[in-house]
Amino acid sequence: MSINLSIKGVPDAWAQRLRERAARHHRSLQGELMALLGAAVGDDTPAPSAGVPAAVARPQAAPAVDSLTLDELALRARSRFSGLAADSGRSADIVRALRDEADGR
């Protein structure tokens, strides 16, 4: 048996952060709240959604990888592509330079 819960008076900032978190995990707000509740009570069993298989309703999150800020990612990309035509900033030039590099030109 399941019950419905309702939380009133959630601050706008919290609601926005929950929506962003749900989007990062490719879940609906409802799915994200269910995942948070499951983690809080120590149950990682996927909660079923109405008529939707659990694997479809709540896809597993991708394994954790190295978290980078946008600045760190840009720095890493610049160092990877330094000396190539990447300085122009045009993706076509970068792809062309990588292709030429792979062909030994």
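Residues numbered from 1 in each chain as written. Predicted model: local features only at pLDDT ≥ 70, side-chain atom pairs only at ≥ 80, totals over all residues. Heavy atoms only, no water.

S.K.: Please clarify how the overall build of the protein should be interpreted in this entry.
M.R.: When helices and strands are counted, the protein shows five helices and zero strands. Taken from the N to the C terminus, the helices and strands of the protein come in the order α-α-α-α-α. Nonlocal contacts in the protein, meaning residues at least 24 apart in sequence, comprise 14% of its contacts between residues at least 6 apart. Carbon together with sulfur atoms contributes 57% to the accessible area of the protein, which is approximately 8900 Å² in total. (Helix = DSSP H or I, 4+ residues; strand = E, 2+ residues; numbered from the N terminus. Contact = heavy atoms within 4.5 Å. Areas by Shrake-Rupley, 256 points an atom, 1.4 Å probe, with all protein chains shown as cover.)

S.K.: For this particular structure, what's the right way to read unusual backbone geometry?
M.R.: Phi is mostly negative for residues that are not glycine, and the peptide bonds are mostly trans. Residues other than glycine seldom take positive phi values, yet His-26 does so here, at roughly 55 degrees. One can find His-26 in the loop between helix 1 (12-24) and helix 2 (29-40).

S.K.: Would you mind showing me how to read the pattern of salt bridges here?
M.R.: It is possible for side chains of opposite charge to pair when their charged atoms get near one another. Inspection of the entire model under this criterion finds two salt bridges. One salt bridge in this structure joins Arg-21 and Glu-32, with 2.5 Å as the shortest N-O distance. Of the two residues, Arg-21 sits in helix 1 while Glu-32 sits in helix 2, which places them 11 residues apart along the sequence. Under the relative-accessibility criterion, Glu-32 is labelled buried at 0%. For Glu-32, the salt bridge identified is with Arg-27, shortest N-O distance 2.8 Å. A single network of salt bridges, built from pairs that share partners, joins Arg-21, Arg-27 and Glu-32. (Salt bridge = Lys/Arg side-chain N within 4 Å of Asp/Glu carboxyl O. Buried < 20%, exposed > 50% of the residue type's maximum accessible area, 1.4 Å probe, protein only.)

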